[in-house]
Amino acid sequence: MASYRICCLPGDGIGPEILAEGKRVLERVAELEGFDVELEDHLIGGAAIDATASAPEGATALPEETLEAAKEADAVLLASVGGPKWDSTDPRAPRPEQGLLAIRKGLGLYLNLRPVKVYDALIGASSLKPEFLHGVDLLIVRELTGGLYFGTRERIEDAPGAGRDGEPGIWCSDALEYGEWEVERVLRWAFECASRRERRRLTSVDKANVLGTSRLWREVAHRLREEWPEVAYEDLYVDNAAMQLVSEPTRFDVVVTENTFGDILSDEAAQLTGSLGMLASASLGSGTPLFEPSHGSAPDIAGRGIANPLAQILSVGLLLRHGLLEAGAADRVELAVERALADGWRTADIADEATPASQILSTRAMGDAVLERL
Ligand code: NAD
């Protein structure tokens, strides 16, 4: 029997509450599909800062022991980090979010996946008209460790001519840099992923009419598309993509793009669903893959048992599909979530005026509703 080690990171706020439901679903689906999972909790974020406060090397949001455990695991299942307790204005104070950046870096995770699916049962939650949303099921593949966010930065306080009327002023620059292989490894993954989906469409988003890095991106994509003739490939400029994501979102299947464009487009696409509590994401690369909800630690509702666990449970679905390659188990989890929603069950954040109070569930009860439908 296959056996997998999963490094679980509850983090802060609602993290431990939603992770508990994700773990229950993972254990049950493993039992149903005939494989073994070994789950082990480790510290990250604010919880790690508190636990390491008196350590001789100082407090940290990612203890060495957590990173080692993550490296040795088959997949990492993260909940969320952060909260007002650790919002210090002292720039030297460790911050929970540093734990996220450090673990992504430590595991060499260079691409991020954000699936965006509009569930018919929740179609009213979006600010867009339902007729545009029915059938939206797309996947954004974003390069995660290159480009503008990681390029060379420069700031000159008294640069000649940067002020008004040619006076000296502040001058800043952020370089947008990409190497060929950085682009190719992400595109390869996106082609492969598109070839395994039903519609087999891949949209590569760039700004090749202006940017040299985009022309490199397009050059590599066009070379690679020969290897996946079954994938219907298209190029789209980022401004056009941003427009079409809201005017005709159903036309997209897999969308691949560089870091900054991906950051913006994935948040725009997330808005199609209208509910933060439903979105999961995966970060993949050379080391252990990591799966997490797209929302934060929701400190405003932490400890009340009312958080929506579905994004965490859908992260388990992603973990099964892309981390453990257990597609049958992933299908089961995704279908169970869809069925629980179709049967009218809601947590408070996705309920509307028409939802009867008896259908509004606690975190735990929503976990039960999914478990019953696995
Ligand atoms: P947030 O996503 O935590 O919350 C935004 C709003 O959505 C809140 O009203 C919250 O109650 C609600 N919400 C979020 N997830 C929910 C869920 N599962 N069920 C029900 N309601 C939910 O964003 P924020 O308030 O901007 O940030 C709170 C903390 O989370 C901050 O410390 C921030 O730095 C951190 N954060 C962490 C991550 C992460 O762990 N990946 C991501 C974003 C923000």
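Structure's up top.
To keep things clear, this report deals only with the structure shown in the data block. In every chain, residue numbers begin from 1 and rise along the written sequence. With pLDDT at 70 or above as the cut-off, local features in this predicted model cover only qualifying residues; side-chain atom pairs require 80 or more to be listed or tallied, and sums for whole chains, interfaces and linings still use all residues. With hydrogens and water stripped out, all remaining heavy atoms of the structure feed into the side-chain values.

**A look at unusual backbone geometry**
Heads up, the rule is: Only DSSP runs of H or I with at least four residues qualify as helices, and only runs of E with at least two residues qualify as strands; both kinds are numbered from the N terminus onward. Any residue under 20% of the maximum accessible area for its type is buried, any over 50% is exposed, and the rest in between are partly exposed; the area is computed with a 1.4 Å probe on protein chains only.
Residues other than glycine seldom take positive phi values, yet A298 does so here, at roughly 40°. Residue position: A298 is located in the loop between β12 (290–293) and α10 (310–323). Look at A298 and you get partly exposed, because its relative accessible area is 22%. Look at L325: it is not a glycine, yet its phi comes out positive at around 55°.

**Here we look at a negative patch on the surface**
The following threshold applies: Each patch is built from residues that are more than 30% exposed by relative accessible area and take part in no salt bridge. Like charges join if they lie within 9 Å; nonpolar side chains (Val, Leu, Ile, Met, Phe, Trp, Tyr) join within 5 Å. Using the Shrake-Rupley algorithm and a 1.4 Å probe, accessible areas are obtained, with residue cover drawn only from the displayed protein chains. By convention in these notes, a salt bridge is any Lys or Arg side-chain nitrogen within 4 Å of a carboxyl oxygen on Asp or Glu. Charged residues are defined here as Lys and Arg on the positive side and Asp and Glu on the negative side; His and the ends of the chain fall outside this count. A charged residue contributes its charge at one atom only: NZ of Lys, CZ of Arg, CG of Asp or CD of Glu.
Taken together, the side chains of D36, E38, E40 and E65 present a region of like negative charge at the surface. A total of three residues in the negative patch trace back to one element, the largest contributor, which is strand β2 (residues 36–41).

**Section: the layout of surface pockets**
Operational definition: In this analysis, the protein atoms alone were mapped onto a 1 Å grid. Cavities are point sets where a 1.4 Å probe fits without being able to get out; pockets are open sets with protein on both sides within 12 Å along at least five of seven lines; lining residues have an atom within 4 Å of a point. Grid points are joined across faces, edges and corners, and a volume is the space filled by probe spheres set on the points. Under the scheme applied here, ten amino acids are nonpolar (Ala, Val, Leu, Ile, Met, Phe, Trp, Tyr, Cys and Pro), four are charged (Asp, Glu, Lys and Arg), and all others, including Gly, are polar. Throughout the structure description, domain borders are defined by an automatic or database domain assignment.
By volume, the largest pocket amounts to about 1000 Å³. What lines the largest pocket is a set of 35 residues, and nearest its centre among them are K117, D137, R197, R321 and E334. If you list the elements that add at least two residues to the lining of the largest pocket, you get β4 (109–117), β5 (137–143), α10 and α11 (327–342). Top element by residues in the lining of the largest pocket is α11. It accounts for seven residues. A per-class count over the lining of the largest pocket returns 19 nonpolar, four polar and twelve charged. Two domains share the lining of the largest pocket, each providing at least three of its residues, namely domain 1 (1–122 + 276–374) and domain 2 (127–273). When residues of the lining of the second largest pocket are traced back to their parent elements, those giving at least two are β3 (75–80), α4 (96–106), β4, α9 (259–270) and β12. In terms of residue count, the dominant contributor to the lining of the second largest pocket is α4 (five residues). Split by residue class, the lining of the second largest pocket holds nine nonpolar, nine polar and eight charged. A domain split of the lining of the second largest pocket shows at least three residues from each of domain 1 (1–122 + 276–374) and domain 2 (127–273).

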